[in-house]
Amino acid sequence: LAQGGWEALGIVVGGLVVLIFFGIDLLAMRVSAGWEPTSTFLLVMVEYLAKIIALAVFFAAVRGQDALPGRSVGIGIGVAATVFLAALVAAYLKIPTFVVEPDEEGPGGGGAAG
């Protein structure tokens, strides 16, 4: 960022790529929250495939030009992905989870039904 110009733009573009990539996941989760699991799985797989294809097209376009330095885009992607994933992990750790304790006697051990 200190160099300014195209290098700074490359870092910003890399950060935007990460935000869009993971933001689409969050949007898909919100949209499909009340759906059946099979429909949700289909949506997630289709949007993941579309994102991978879009990333391939984007990286091919960035690689084939000289204005936007690929190294700066890579730095932006690395920093933004690390920050975004760390924030996501911290958010998930705060969400209460439902835990099911197994039977004390284990499977086939003659619990209530045996």
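Here, every reference points to the structure presented above.
Described in the following lines is the structure provided in the data block.

Rules used in this analysis
- Residues numbered from 1 in each chain as written.
- Predicted model: local features only at pLDDT ≥ 70, side-chain atom pairs only at ≥ 80, totals over all residues.
- Heavy atoms only, no water.
- Helix = DSSP H or I, 4+ residues; strand = E, 2+ residues; numbered from the N terminus.
- Contact = heavy atoms within 4.5 Å.
- Salt bridge = Lys/Arg side-chain N within 4 Å of Asp/Glu carboxyl O.
- Buried < 20%, exposed > 50% of the residue type's maximum accessible area, 1.4 Å probe, protein only.
- Expected span 1.5 Å × (residues − 1).
- Phe/Tyr/Trp six-rings, centres within 6.5 Å; stacked < 30°, edge-to-face > 60°.
- Lys NZ or Arg CZ within 6 Å of the ring centre and 35° of its normal.

Summarising the element assignment, glutamate 47 is placed in helix 2 (residues 37-63). When near neighbours in sequence (up to four residues on either side) are disregarded, glutamate 47 contacts Ile24, Asp25 and Ala28.

Glancing now at the pattern of salt bridges. Using the criterion set out here, one finds two salt bridges in the structure. Across the pair aspartate 25 and lysine 51 runs a salt bridge whose closest N-O atoms are separated by 2.5 Å. In this pair, aspartate 25 is assigned in helix 1 (residues 5-31) and lysine 51 in helix 2, connecting sequence segments 26 residues apart. Aspartate 25 gets classed as partly exposed once you look at its relative accessible area, which sits at 22%. When the shortest N-O distance is used, the salt bridge between lysine 51 and glutamate 47 registers 3.6 Å. Here the residue lysine 51 and the residue glutamate 47 both occupy positions in helix 2, the gap between them amounting to four residues, near one helical turn. Taken as a pair, lysine 51 and glutamate 47 share a single burial class, namely buried. Beyond isolated ion pairs, a larger network of salt bridges with shared partners links Asp25, Glu47 and Lys51.

For helix 2, with 27 residues, the first-to-last C-alpha span of 38 Å sits near the 39 Å given by 1.5 Å per residue. For helix 2, every residue scored as buried is listed here: Thr40, Glu47, Lys51, Leu55 and Val62. Of the surrounding elements, those touching the buried residues of helix 2 are helix 1 and helix 3 (70-93).

So, about helix 3. Between its terminal C-alpha atoms helix 3 stretches 34 Å, which fits the 34 Å expected from 24 residues at 1.5 Å a residue. Packing partners of the buried residues in helix 3 comprise helix 1 and helix 2.

Okay, the packing of aromatic side chains next. Scanning all chains against the criterion turns up three aromatic pairs. A connected cluster of aromatic rings, assembled from ring pairs, spans Phe21, Phe22 and Phe84. The ring of phenylalanine 21 carries the charged tip of lysine 51 above its face, separated from the ring centre by 3.9 Å.

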